[in-house]
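# Tertiary structure, described
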Amino acid sequence: MTPTVTQPPTQPPTDPAPEPVTPARSVEPRAGRPVAPARPGVVRRLVRDTAYLASGLVLGVVGLCVSVAGLAAGLGLLVVWVGLAVLVGTVLLSRGLAHVQRSQLRTLQGRPAPLPTYLVAPAGSGPVRRLLTPLRDPQSWLDVLWGLVGFVTGLAGSCLAAAWWAAVANGLTYWFWQQWLPEGDTSGLVELVGWGEGRRDESLLQLGVGLVALVTLPLVVRACAAVHAGVADTLLSSRARLQSEVRQVADSRTSARLAEADSLRRLERDIHDGPQQRLVRLTMDLGRARRQLAQDPDRAAAILDEALQQARDTVGELRALSRGIAPPLLVDRGLRVALEELLQRATVPVASHVEIPDRLPPHVETTVYFVVAEAFTNIAKHSGAQRAALAVTHAGGRVAVVVQDDGAGGAHVAKGSGLAGLAQRLAGVEGTLDVDSPPGGPTVLRATLPAGDDARP
C-alpha cells in the first residue's frame, strides 16, 4: 500500500496546516529477533572443532564406562535391591556428563543447548520416592543413552579428524624428514601409483597430498564435529526445547485468558458507568413526561426532547464500546481499512506506512488493531505529541507494528493498565511488546506477533 498521511480536521485559515511527518529511519520496524553472533573465522572454527572432537572422545570413553558398567551392575544386582541404588548413581553420573556435553556444545559449537527440566519428587515425598524419581525421568535415560551413542560418534569423528591432521602434517613436512629414511627395496607411494620414482618424485607427491588434505581439513573436521554435535543436541536438548514450547503455549493460553477476563471486566465497568446510567435516566425522564403529558404538555415535550438526546448519546456510547469488542469495519473490510479509519480519527498528524496482506487471521488483525488504537489513545491523552508515525509490515511470517511520537516520553508498560493490557494481549498470541520512551521523548512502541499460516496477499 502506498504510504499515506492523515491530518486532523482543517485548521483555521490563520494557522497553517502542519507538515506531515516523514517516516524517519528510527521508525522502521525491527525484526524483533536477536541479531545472530558473528561466525568465527576458518582457523578459529577449525581449532574449536578439533578441540570439541578431542574432548568428545575423552567424554565418550568416560560415558561408555559409566553407562555400560552402571547398567550391567545395576541390572545384575536388582535381585538384592542394591541394583536400584546403582542404577540411580548411573543416572546421576550420566546427568553430570550430559551437563558437560551441553557446556561444550555452547562454548565450542555455538549451539544453544538448553538444559531440560528433570523430574523432581513432590515436596514431602519419602526418601524412597526421592531416590527412585530419577529412574522415572525420560531425559535421564536419554543421558544414559548418550553415554553409549556419544562414544561411537566421538570415536569415529576424532579418528577421522586425526587421520586428516596426520595427512596434512605428513604431506607438508615429508620433504624435510625423508632424508633420514633408509633407502631400501621398499617402494614409495609414487612408485606404487606409477607416477615416478626416487625421493624427489615421492616428496612432490606427498606435498600434493598434504596440500589437498590441508584444503579439505576444515570441511572434514567441521562435518565430523557437526555429526557428533547434532546427535548430542538431539538426545540432550531436544526434550528441553519441547518443554520450552509447551511452557510457551501454556503461558500464551494463560495470558489470553487473563486478557479476555480483563477486557470483560472493563466492558462491564464501561457499560455500568455509561449506557446503563443513561438508560436509567431515560426511563425516569419518560416516566415524568408521561405524568405531565396531560397537565403540562410543553414541559412534557421538553422532557421528551431531553430523553431523545439521552437515547442518541447512549447509542453513541454503545457504538464506541462495540469498537472495543470487534470493530465492524475490521470484521467486514479487514485490517487495512480499519487502520485507515483509526488514522482519520487521530488527534495529531500521522505518517503511515502499511504493507500487509489483504486479510490476516482474525486474531492477528484484532490484536494489531488494538495495539495501534491503544498507542493512538496514549498519544492523545498522555504524550503531548505534535505528530506521530505508524509502520505496519508483514515479513517472515510475522507482523511488526511500530508507533513513534515526538511527545514528552516516560511511558512504560508497568505504569499504565493500557500498555500492560497490550503486553498481555500480545503474549496471548505469542507476540512481544517493547516500549522505548526515555524522559523527553521520543516514544517508540514496537510490537511483533506471528502472522499465522492463512494470510492472503
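In this numbering scheme, every chain counts its residues from 1 along its sequence in written order. With the structure being a predicted model, the display of local features is reserved for residues of pLDDT at least 70 and the display and counting of side-chain atom pairs for 80 or more, all residues being used for whole-chain, interface and lining totals. Working from all heavy atoms in the structure, the side-chain values ignore hydrogens and water.

## Comments concerning the overall build of the protein
Of regular secondary structure, the protein possesses 12 helices and 6 strands. Between buried and exposed lies partly exposed: a residue is buried under 20% and exposed over 50% of the maximum accessible area for its type, with that area taken using a 1.4 Å probe on protein chains only. Here the protein, with 457 residues, has 36% of them falling under the buried criterion. Working rule for contacts: check all heavy atoms of both residues, and any pair within 4.5 Å makes them a contact. Put simply, 70% of the contacts in the protein that link residues at least 6 apart link residues at least 24 apart. When the accessible surface of the protein is split by element, carbon and sulfur atoms take 62% of a total near 26100 Å². In DSSP terms, a helix is any run of H or I states spanning at least four residues, a strand is any run of E spanning at least two, and both are numbered starting from the N terminus. Throughout, the Shrake-Rupley method with a 1.4 Å probe supplies accessible areas, and for residues the shown protein chains are the sole cover considered.

## Here's the deal with the packing of aromatic side chains
Aromatic pairing here means that ring centres of Phe, Tyr or Trp (its six-membered ring) are within 6.5 Å. Orientation follows from the plane angle: under 30 degrees is stacked, over 60 is edge-to-face, and everything else is tilted. Considering all chains together, one arrives at 2 aromatic pairs under this definition. When the ring of W175 is compared with that of F176, the centres are 5.9 Å apart and the planes differ by 70°; the resulting orientation is edge-to-face. When the ring of Y369 is compared with that of F370, the centres are 5.6 Å apart and the planes differ by 80°; the resulting orientation is edge-to-face. For the pair formed by Y369 and F370, the shared burial category is buried.

## Some details on helix α2 (residues 82–109)
To estimate the expected span of a helix, subtract one from its residue number and multiply by 1.5 Å. The end-to-end C-alpha distance of α2 is 39 Å, a good match for the 40 Å that 28 residues give at a rise of 1.5 Å each. Once α2 ends, the next one or two residues include G110, with phi positive near 70°.

## Overview of the packing of helix α1 (residues 42–76) against helix α4 (residues 138–177)
Every axis in this analysis is a line fitted to C-alpha atoms, fitted for helices over the stretch in contact. Angles between the N-to-C directions lie between 0 and 180 degrees. For the pair α1 and α4, interaxial distance at closest approach is 6 Å and the crossing angle is 140°. When the axes of α1 and α4 are compared, the pair comes out oblique. α1 and α4 meet at a crossing whose hand is left-handed. Contacts from L46, T50, L53, L57, G60, V61, G63, L64, S67, V68 and L71 in α1 reach W141, V144, G147, L148, G150, F151, G154, L155, G157, S158, A161 and W165 in α4. Every angle not falling under 35 degrees, over 145, or within 65 to 115 is termed oblique; those three ranges are roughly parallel, roughly antiparallel and roughly perpendicular. Two helices crossing with the near one rotated counterclockwise from the far one by less than a right angle form a left-handed crossing, whereas a clockwise rotation gives a right-handed crossing.

## So, the environment of Q179
As for its placement among the helices and strands, Q179 is situated in the loop between α4 and α5 (189–192). Q179 gets classed as exposed once you look at its relative accessible area, which sits at 53%. Sequence spacing of Q179 and R199 is 20 residues, and the spatial spacing of their C-alpha atoms is 8.5 Å.

## Focus: the nonpolar core
Grouped together as the largest cluster of nonpolar side chains are 39 residues, with contacts concentrated most on V368, F376, L390, V392, V399 and V401. Mapped onto this core, the elements with two or more residues apiece are α10 (335–344), β2 (350–355), α11 (362–383), β3 (388–395), β4 (398–405), α12 (417–428), β5 (432–436) and β6 (443–450). With 10 residues, α11 is the largest single contributor of residues to this core. Residues within four places of F376 in sequence aside, it is in contact with L342, L343, A346, V350, L390 and V403. Counting residues in each nonpolar core, the second largest holds 19 residues, with A98, A113, A229 and L235 among its members. Each nonpolar core is a collection of buried residues, namely Ala, Val, Leu, Ile, Met, Phe, Trp, Tyr and Cys, held together in the definition by side-chain atoms within 4.5 Å.

## Some remarks on the pattern of salt bridges
Any carboxyl oxygen of Asp or Glu within 4 Å of a side-chain nitrogen of Lys or Arg constitutes a salt bridge here. All chains considered together, the criterion is met by 7 salt bridges. Salt-bridge contacts for D143 lead to R102; the nearest nitrogen and oxygen are separated by 3.5 Å. Remark: R102 occurs in helix α2 and D143 occurs in helix α4; sequence separation between them is 41 residues. Through salt bridges with shared partners, a single ionic network connects R45, D49 and R222.

## Comments concerning the side chain of S67
Looking at the secondary structure, you find S67 in helix α1. Of the residues examined, S67 reaches a relative accessible area of 1% and is grouped as buried. A polar contact of 3.1 Å, which involves the side chain of S67, links it to the backbone oxygen of V144. Setting aside its immediate chain neighbours within four residues, S67 contacts T90, S94, V144, G147 and L148. Polar contact is defined as a pair of N or O atoms within 3.5 Å, subject to the rule that within protein one atom must be able to donate a hydrogen and the other to accept it, and that residues adjacent in sequence are counted only when both atoms are side-chain atoms.

## A look at a nonpolar patch on the surface
Without a salt bridge and with relative accessible area above 30%, a residue can belong to a patch; like charges are then joined within 9 Å and nonpolar side chains (Val, Leu, Ile, Met, Phe, Trp, Tyr) within 5 Å. A grouping of W175, F176, W177, W180 and L181 is seen on the molecular surface, where their side chains present a nonpolar patch of about 580 Å² in accessible area. Among the structural elements, L181 can be located in the loop between α4 and α5.

## Digging into the environment of A113
Looking at where A113 falls in the secondary structure, it is placed in the loop between α2 and α3 (127–132). Classification of A113 as buried rests on a relative accessible area of 0%. Every residue in contact with A113, bar those within four places of it in the chain, is listed here: R102, L105, R106, D233 and S237.

## Regarding the environment of G396
Along the polypeptide, G396 turns up in the loop between β3 and β4. The class of G396 is exposed, set by a relative accessible area of 68%. Along the backbone, G396 and A451 are 55 residues apart, and their C-alpha atoms lie at a distance of 8.8 Å.

## Some remarks on the packing of α10 against α11
In the contact formed by α10 and α11, the axes pass within 10 Å of each other and the chain directions differ by 10°. With respect to α11, the axis of α10 lies roughly parallel. From α10, L335, A338, L339, E341, L342 and L343 reach across to α11, where they touch E365, V368, Y369, V372, A373 and F376. Note on residue classes: Ala, Val, Leu, Ile, Met, Phe, Trp, Tyr, Cys and Pro are nonpolar, Asp, Glu, Lys and Arg are charged, and everything else, Gly too, is polar. Considering only residue class, the contact of α10 with α11 consists of 10 nonpolar, no polar and 2 charged.

## Brief notes about the confidence of the model for the protein
One confidence number per residue, pLDDT, is output by the predictor and ranges from 0 to 100. Scored by pLDDT, the protein has a mean of 79; 79% of the residues are at 70 or more. Mean pLDDT values over the elements of the protein span from 43, in strand β1 (residues 4–6), up to 92, in α1. Segment residues 1–37: pLDDT under 50, and 57 contacts once partners within four positions in sequence are set aside and those in other chains are kept.

## Some remarks on the pairing of β4
With 8 of its 8 residues buried, β4 lies for the most part within the structure. Covered by surrounding structure in β4 are R398, A400, V402 and Q404 together with V399, V401, V403 and D405, the residues of both alternating faces. Paired strands are those between which DSSP finds at least two bridges. Pairing of β3 with β4 involves 8 bridges; the strand directions are antiparallel. Bridge pairing in β4 links A395 to R398. Hairpin geometry of β3 and β4 is characterised by an intervening segment of 2 residues between the two adjacent antiparallel strands and by a positive phi of about 60° at G396.

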